[in-house]
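Here is how the chains run, residue by residue.
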Amino acid sequence: LQFWHRPKAVSIKLVWAALICTIVPWLSSVFIQIPMQTELGKGKNDELLQRLITSDWIRVIPTIVLACIVFTMVKRSLASSGDEAPADGSPSRKG
């Protein structure tokens, strides 16, 4: 929805970056972590457990980046909406 209905202050590049940062952890979960967890469910395997822990960074880093992107989007949206109305909440007197 952000591709079509977003504040003018939020660039399409930020929306694409947010989408990528959302998809990467999903793909990593489906193709890397879940198969490892399934294998670990069959019995203890210290090497596989260590690989699972290490590969979790594939999900953590994009999630942190996504949080920063969302913060940036909100900050830009609020800054641009501040230009449209007075800070005290009173109606603007344009025109």
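Details of the structure are given in the entry above.
These numbers come from a predicted model, not from an experiment.

## Things to note about the overall build of the chain
What the chain contains, in helices and strands, is three helices and zero strands. Taken from the N to the C terminus, the helices and strands of the chain come in the order α-α-α. Among the 95 residues that make up the chain, the fraction classed as buried is 17%. In the chain, the proportion of contacts linking residues at least 24 apart, taken out of those at least 6 apart, comes to 55%.

## Observations concerning the pattern of salt bridges
Within this structure, the stated rule accounts for three salt bridges. Where Glu 39 meets Lys 42, a salt bridge forms, and the shortest distance between an N and an O atom there is 3.6 Å. For Asp 56, the salt bridge goes to Arg 59, with nearest N and O atoms at 2.7 Å. Note on Arg 59: relative accessible area 23%, which makes it partly exposed.

## A closer look at helix 1 (residues 12-40)
Spanning 29 residues, helix 1 covers 41 Å between terminal C-alpha atoms, matching the ideal 42 Å at 1.5 Å per step. Approximately 45° is the largest bend angle found in helix 1, and it occurs at Ser 29.

## Section: the side chain of Ser 55
Following the sequence through the fold, Ser 55 ends up in helix 2 (residues 46-55). Look past the residues within four positions of Ser 55 in its chain and what remains in contact with it is Ser 28, Ile 32, Gln 33 and Met 36.

## Section: the environment of Asp 56
Within the secondary structure, Asp 56 is located in the loop between helix 2 and helix 3 (57-82). Taking the relative accessible area as the measure of exposure, Asp 56 reaches 27% and is therefore partly exposed. Asp 56 sits 23 residues away from Gln 33 along the chain, and the two C-alpha atoms are 7.4 Å apart.

Rules used throughout
- Residues numbered from 1 in each chain as written.
- Predicted model: local features only at pLDDT ≥ 70, side-chain atom pairs only at ≥ 80, totals over all residues.
- Heavy atoms only, no water.
- Helix = DSSP H or I, 4+ residues; strand = E, 2+ residues; numbered from the N terminus.
- Buried < 20%, exposed > 50% of the residue type's maximum accessible area, 1.4 Å probe, protein only.
- Contact = heavy atoms within 4.5 Å.
- Salt bridge = Lys/Arg side-chain N within 4 Å of Asp/Glu carboxyl O.
- Expected span 1.5 Å × (residues − 1).
- Bend = angle between axes of the 7 residues up to and from the residue.

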